[in-house]
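Architecture at a glance
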Amino acid sequence: YRPHLEDGQQWNQWVPVINTQGFAVLPSEFSEWSYSYGMDFGSSDPFGLGIFAWAPADPSHTLYHIYEFSQPLMYAKTISELLIGEALESTAPEGCIGYTGWPDAMVVDSAHLGAAFLEEMATVYGIRIMPALKKDKHDSIELFNGDLIDGRVKVIKGSKLEDQLMTLQWDVDDYGRLKENKGMRNDMTDCAIYARKAAAHLLSSTPTPEDPFFPPRDEADLDPDDDGSLDDDDFGDMLSDNFDDFD
């Protein structure tokens, strides 16, 4: 994790405006955004939620950290209230999902609380979350680290995620293999790597360019001698006649 480069350019850190709902305001250059939620139900660490956004039209595939929540002693009902609001109406959500809409991906590290939480949230509150595959965790970490190196992840300055990214280090077991340091808090980094992994196939896709729009022409107005090719005058007429269509 590198907050900025040697020349001062921001690299993995960003300093967005935070709105009254606690979300980072995304760049205005893109209008359509997709979202991925990563969660850690926690055991020794508190419950954690990290929300990330990317613009499908962004050729850089940059992933923006836009929200985080961390609190101990959370259970299925209180987590559901955080996600869809205190009314617990999944068909008209408030809360985090009310702000972003239903995310494209939602995954959780549920190893310490098992399937009971996931089943209750799905059957009682209408929230379906995919469990993270623990066997893929090392690969998920390496995927996220690669994005950090390339500057494709932007983390909110002063966030809990940034703090953990700046302090976490690998440990080594008795056989010289890398392992997580169990003495260091990692709930927010777990949220980040799982959210990134869940969105991997979406972030790698290339947006399909839209065909330019031109109004249909009435067959009665067509010139039978017109072979369909355009000369310079045609271009000028087309732009002047249909200028309002581009407002």
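The notes below deal with the structure included here. Nothing here was measured: the structure is a model prediction, and the numbers come from that model. Residue numbers here run from 1 along each chain, matching the order of that chain's written sequence. Whole-chain, interface and lining totals are the exception, using all residues; otherwise, since this is a predicted model, local features are given only for residues with pLDDT of at least 70 and side-chain atom pairs are given and counted only at 80 or more. Hydrogens and waters are ignored; side-chain quantities use all the structure's heavy atoms.

1. Considerations on the packing of aromatic side chains
Side-chain rings of Phe, Tyr and Trp (the six-membered ring for Trp) are treated as a pair once their centres are within 6.5 Å; stacked means planes under 30 degrees apart, edge-to-face means over 60, and tilted covers the remaining angles. For the structure shown, the criterion picks out 8 aromatic pairs. With centroids separated by 6.1 Å and ring planes inclined at 85 degrees, the aromatic side chains of Phe 30 and Trp 33 adopt a geometry described as edge-to-face. In terms of burial, Phe 30 and Trp 33 fall into one category: buried. Among the aromatic residues, those joined into a ring-pair cluster are Trp 14, Phe 30, Trp 33 and Tyr 64. When accessible area is computed with a 1.4 Å probe and restricted to protein chains, residues below 20% of their type maximum are described as buried, those above 50% as exposed, and intermediate ones as partly exposed.

2. Observations regarding the sheet that holds strand β6 (residues 130-131)
Here a strand pair is declared whenever DSSP counts at least two bridges between the two strands. Numbering of helices and strands runs from the N terminus, with a helix taken as a DSSP run of H or I at least four residues long and a strand as a DSSP run of E at least two residues long. Across the sheet, which stays open at both edges, the 7 strands sit in the order β1-β7-β4-β3-β2-β5-β6 with mixed pairing between neighbours. The strands lining the two open edges of the sheet, one partner per strand, are β1 (13-14) and β6. Pairing between strand β5 (residues 105-109) and β6: 2 bridges, direction parallel. Within the sheet, the bridge partner assigned to Val 108 lies in β6 and is Pro 131.

3. Some words on helix α4 (residues 137-150)
How far a helix is expected to stretch is found by multiplying one less than its residue total by 1.5 Å. Given a rise of 1.5 Å per residue, 14 residues ought to cover 20 Å, and the 20 Å separating the end C-alpha atoms of α4 matches this to within 8%. Those residues of α4 that fall on the buried side of the exposure criterion are Lys 137, Ser 140, Ile 141, Phe 144, Asp 147 and Leu 148. Viewed along the axis of α4, the buried residues span an arc of 125 degrees, placing them on a single side of the element. Downstream of α4 by one or two residues, Gly 151 has phi in the positive range, about 75 degrees. Comment: arc refers to directions from the helix axis out to C-beta atoms.

4. Focus: the nonpolar core
Of all hydrophobic cores here, the largest spans 36 residues; its most connected members are Tyr 37, Met 39, Leu 49, Ile 51, Ile 66, Leu 83 and Ile 129. Listed by contribution, the elements that provide at least two residues to this core are β2 (34-40), β3 (47-54), β4 (63-71), α1 (76-84), α2 (95-100), β5 and α3 (114-123). Element by element, the count of residues in this core is highest for α1, at 5 residues. Look past the residues within four positions of Leu 83 in its chain and what remains in contact with it is Tyr 37, Met 39, Leu 49, Glu 94, Gly 95, Cys 96, Ile 97, Gly 98, Met 121, Ile 127 and Ile 129. The term nonpolar core refers to a set of buried residues drawn from Ala, Val, Leu, Ile, Met, Phe, Trp, Tyr and Cys, joined through side-chain atoms within 4.5 Å. Whether two residues are in contact is decided by their heavy atoms: any pair within 4.5 Å suffices.

5. Observations concerning the side chain of Thr 100
Turning to its location among the elements, Thr 100 is positioned in helix α2. Apart from the residues lying within four places of it in its own chain, the contact partners of Thr 100 are Phe 23, Tyr 35 and Tyr 37.

6. Quick notes on the pattern of salt bridges
For this analysis, a salt bridge means a side-chain nitrogen from Lys or Arg found within 4 Å of a carboxyl oxygen belonging to Asp or Glu. Inspection of every chain in the model, using the stated rule, returns 5 salt bridges. The partner of Asp 147 in a salt bridge is Arg 152, and the shortest N-O contact between them spans 2.6 Å. Using a relative accessible area of 3% as the deciding quantity, one classes Asp 147 as buried. For Arg 152, a relative accessible area of 27% gives the class partly exposed. For Arg 196, the salt bridge identified is with Asp 147, shortest N-O distance 2.3 Å. Residue Arg 196 is located in helix α6 (residues 187-198), and its partner Asp 147 is located in helix α4; the two are separated by 49 residues in the primary sequence. The buried category is assigned to Arg 196, whose relative accessible area is 8%.

7. Comments concerning the pairing of β4
Bridging between β3 and β4 involves 7 bridges; their strand directions are antiparallel. By the bridge assignment for β4, Leu 49 is matched with Phe 69. Strand direction decides the pairing type here: β4 and strand β7 (residues 153-156), joined by 2 bridges, are parallel. Along β7, the bridge assignment pairs Leu 63 with Val 153.

8. Details of the pairing of β5
Consecutive side chains of a regular strand alternate in pointing toward one face of the sheet and then the other. Within β5, 5 of the 5 residues are buried, which leaves it mostly tucked inside the rest of the structure. Residues of β5 alternate between two faces, with Ala 105, Val 107 and Asp 109 on one and Met 106 and Val 108 on the opposite face, all of them buried. As paired elements, β2 and β5 share 5 bridges and run parallel to each other. Residue Tyr 37 lies in a different strand from β5, and its bridge partner there is Met 106.

9. Digging into the packing of α4 against α6
Orientation is described by axes fitted as lines to C-alpha atoms, over the contacting stretch for helices, and by angles from 0 to 180 degrees between their N-to-C directions. Following both chains from N to C, one finds α4 and α6 inclined at 85 degrees, their axes separated by 9 Å at the closest point. In terms of axis orientation, α4 runs roughly perpendicular to α6. Contacts between α4 and α6 pair Lys 137, Ser 140, Ile 141, Leu 143, Phe 144 and Asp 147 from the former with Asp 190, Ala 192, Ile 193, Tyr 194, Arg 196 and Lys 197 from the latter. Any angle from 65 to 115 degrees is called roughly perpendicular, while one under 35 is roughly parallel, one over 145 is roughly antiparallel, and all others are oblique.

10. Re unusual backbone geometry
We note that Leu 73 has phi near 60 degrees; this positive angle belongs to a residue other than glycine. Assignment of secondary structure puts Leu 73 in the loop between β4 and α1.

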